[in-house]
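What the coordinates show
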Amino acid sequence: MCTTCGCGRPDGTGTRLTVVPDHHHEDHDHDAGHGHGHDGEHEAGHGHGHGHGAEQVIAGPETRTVLLEQEILAKNDGLAAANRHRLTERGISAVNLMSSPGSGKTTVLEHTISAIGDRRKTFVIEGDQETLYDAERIRATGTEVVQINTGAGCHLDAQMMSSGLAELAPPDGSLVFVENVGNLVCPALFDLGEAARVVIISVTEGADKPAKYPYMFRTADLVLLNKIDLLPYVDFDVELCLNLIARIKPDAKILQLSATKGDGMEAWYDWLAEL
């Protein structure tokens, strides 16, 4: 069980890695592991300073506070650094897509793969607690995909990333998208070894999301404001949302787009091309 956020199952059976079948092979399951350890000092491999707020107070003759979270994240960051080193050596760019559920991550990914798939070989690691629904949608684009079901877990970690990459075996120079579990809290804490972090927020959510979940936006390399085609029909203060992001991360790059209508998507494709 992950003691950083309390997710996972104590028997260690919560995570499943599945290669989504196509016409050439059958699906098979692997134990991707949860990759949480309990040793070492924390150093953020991606340059994202982890906000250590969770503490466990142990009562005794002299009450003392133990930062268990720090040790778990340190172990994860060591694995993430190894992932990043291997990817960099082979010229593979990994993009970690994070958001709350329903923001449009999978739709953005489907349209992106269709638009740039002929320019660069693309692979996808799908993260969800259950089901193969999103992975099946991605496979329909012709892209190779691995589904990682975390069970009760609320985020992917560096060990899961390593297992997914081992299954996909992306060639040198390729692009790997990681669609993280829908959650604006825990995924921000766990470095996967990615080259870039992208946070997607939609206009169907509250404009105050950046203020409520600042760490997620503070660690983002890019923020996508999605579903702008719905602005005439929803109560969403774009200016407030953008100002909140700017306060949290003054140098934040923000793109406004509609994945379904195509508005603003070319700017997103250009950003990816620069990785």
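Residues numbered from 1 in each chain as written. Predicted model: local features only at pLDDT ≥ 70, side-chain atom pairs only at ≥ 80, totals over all residues. Heavy atoms only, no water.

Let us look at the pairing of strand 8 (residues 175–179). Here strand 8 lies mainly inside the structure; five of its five residues are buried. Of the two faces of strand 8, the one lined by L175, F177 and E179 and the one lined by V176 and V178 are each fully buried. Relative to strand 8, strand 5 (residues 93–99) is paired through five bridges, and the arrangement is parallel. What sits directly across from A94, in strand 8, is V176. (Buried < 20%, exposed > 50% of the residue type's maximum accessible area, 1.4 Å probe, protein only. Helix = DSSP H or I, 4+ residues; strand = E, 2+ residues; numbered from the N terminus. Pairing = 2+ DSSP bridges.)

Glancing now at unusual backbone geometry. Phi angles above zero are rare outside glycine, and T131 is one such case at about 75 degrees. Among the secondary structure elements, T131 is positioned in the loop between strand 6 (122–128) and helix 3 (133–139). Among the residues examined, T131 registers a relative accessible area of 32% and is labelled partly exposed. Although it is not a glycine, A169 adopts a positive phi angle of roughly 50 degrees. Note that A169 resides in the loop between helix 4 (158–168) and strand 8.

A word on the confidence of the model for the protein. Counting all residues, the mean pLDDT for the protein is 84, and 76% of those residues have values of 70 or more. Counting interchain partners and residues more than four positions distant, the pLDDT-below-50 stretch residues 23–61 has 106 contacts. (pLDDT = per-residue confidence, 0-100. Contact = heavy atoms within 4.5 Å.)

Considering all chains together, one arrives at seven salt bridges under this definition. Across the pair R90 and D172 runs a salt bridge, and its minimum N-O distance is 2.7 Å. A residue pair is termed long-range when its members are at least 10 positions apart, and R90 in the loop between helix 1 (68–89) and strand 5 and D172 in the loop between helix 4 and strand 8 qualify at 82 residues. Residue D172 is classed as exposed on the basis of its relative accessible area, which comes to 56%. A salt bridge links R137 to D134, with the nearest nitrogen and oxygen atoms 4.0 Å apart. One end of the pair is R137 and the other is D134, both in helix 3 and three residues apart, which spans about a single turn. You can call R137 partly exposed: its relative accessible area is 32%. Judged by its relative accessible area of 17%, D134 falls in the buried class. (Salt bridge = Lys/Arg side-chain N within 4 Å of Asp/Glu carboxyl O.)

This structure, assessed with the given rule, holds one aromatic pair. Between W268 and W271, the ring centres sit 5.8 Å apart and the planes meet at 15 degrees, which makes this aromatic pair stacked. Here W268 and its partner W271 are both found in helix 8 (residues 265–273), three residues apart, which amounts to about one turn of the helix. Relative accessible area serves as the criterion here: at 1%, W268 is assigned to the buried category. Here W271 falls in the buried class, since its relative accessible area comes to 11%. (Phe/Tyr/Trp six-rings, centres within 6.5 Å; stacked < 30°, edge-to-face > 60°.)

Let's shift gears to the nonpolar core. Ranked by size, the top nonpolar core spans 25 residues in total, and within it F177, V198, L224 and W268 carry the most contacts. Those elements giving two or more residues to this core turn out to be strand 5, helix 2 (105–116), helix 3, strand 8, strand 9 (196–202), strand 10 (222–226) and helix 8. With five residues, helix 8 is the largest single contributor of residues to this core. Once residues within four sequence positions are removed from consideration, W268 is found in contact with L97, V108, T112, F177, V198, L222, L224, L255 and L257. Residues L189, Y215, F217 and I248 belong to the second largest nonpolar core, which totals 23 residues. (Core = buried A, V, L, I, M, F, W, Y, C linked by side-chain atoms within 4.5 Å.)

Below, the discussion takes up the environment of D263. By the element assignment, D263 lies in the loop between strand 11 (254–256) and helix 8. In the structure, D263 is positioned 35 residues away from I228 in sequence and 8.2 Å away in space, judged by C-alpha atoms. The contacts of D263, once residues within four sequence positions are left out, are I228, Q256, L257 and S258.

What follows concerns helix 2. Here helix 2 spans 16 Å end to end across 12 residues, near enough to the 16 Å set by a 1.5 Å rise per residue. Residues K105, T106, V108, L109, E110, T112, I113 and I116 constitute the buried set of helix 2. (Expected span 1.5 Å × (residues − 1).)

Our next topic: the packing of helix 2 against helix 8. Interhelical geometry of helix 2 versus helix 8 gives an angle of 70 degrees and a closest axis separation of 11 Å. When the axes of helix 2 and helix 8 are compared, the pair comes out roughly perpendicular. For the element pair helix 2 and helix 8, the recorded crossing hand is right-handed. Here helix 2 contributes V108, H111, T112, A115 and I116 to the contact with helix 8, which in turn contributes M265, W268, Y269 and L272. Tallied by class, the residues present in the contact of helix 2 with helix 8 amount to seven nonpolar, two polar and no charged. (Axes fitted to C-alpha atoms, helices over the stretch in contact; angles between N-to-C directions. Parallel < 35°, antiparallel > 145°, perpendicular 65-115°, else oblique. Left-handed = near helix turned anticlockwise from the far one by under 90°. Nonpolar A, V, L, I, M, F, W, Y, C, P; charged D, E, K, R; others polar.)

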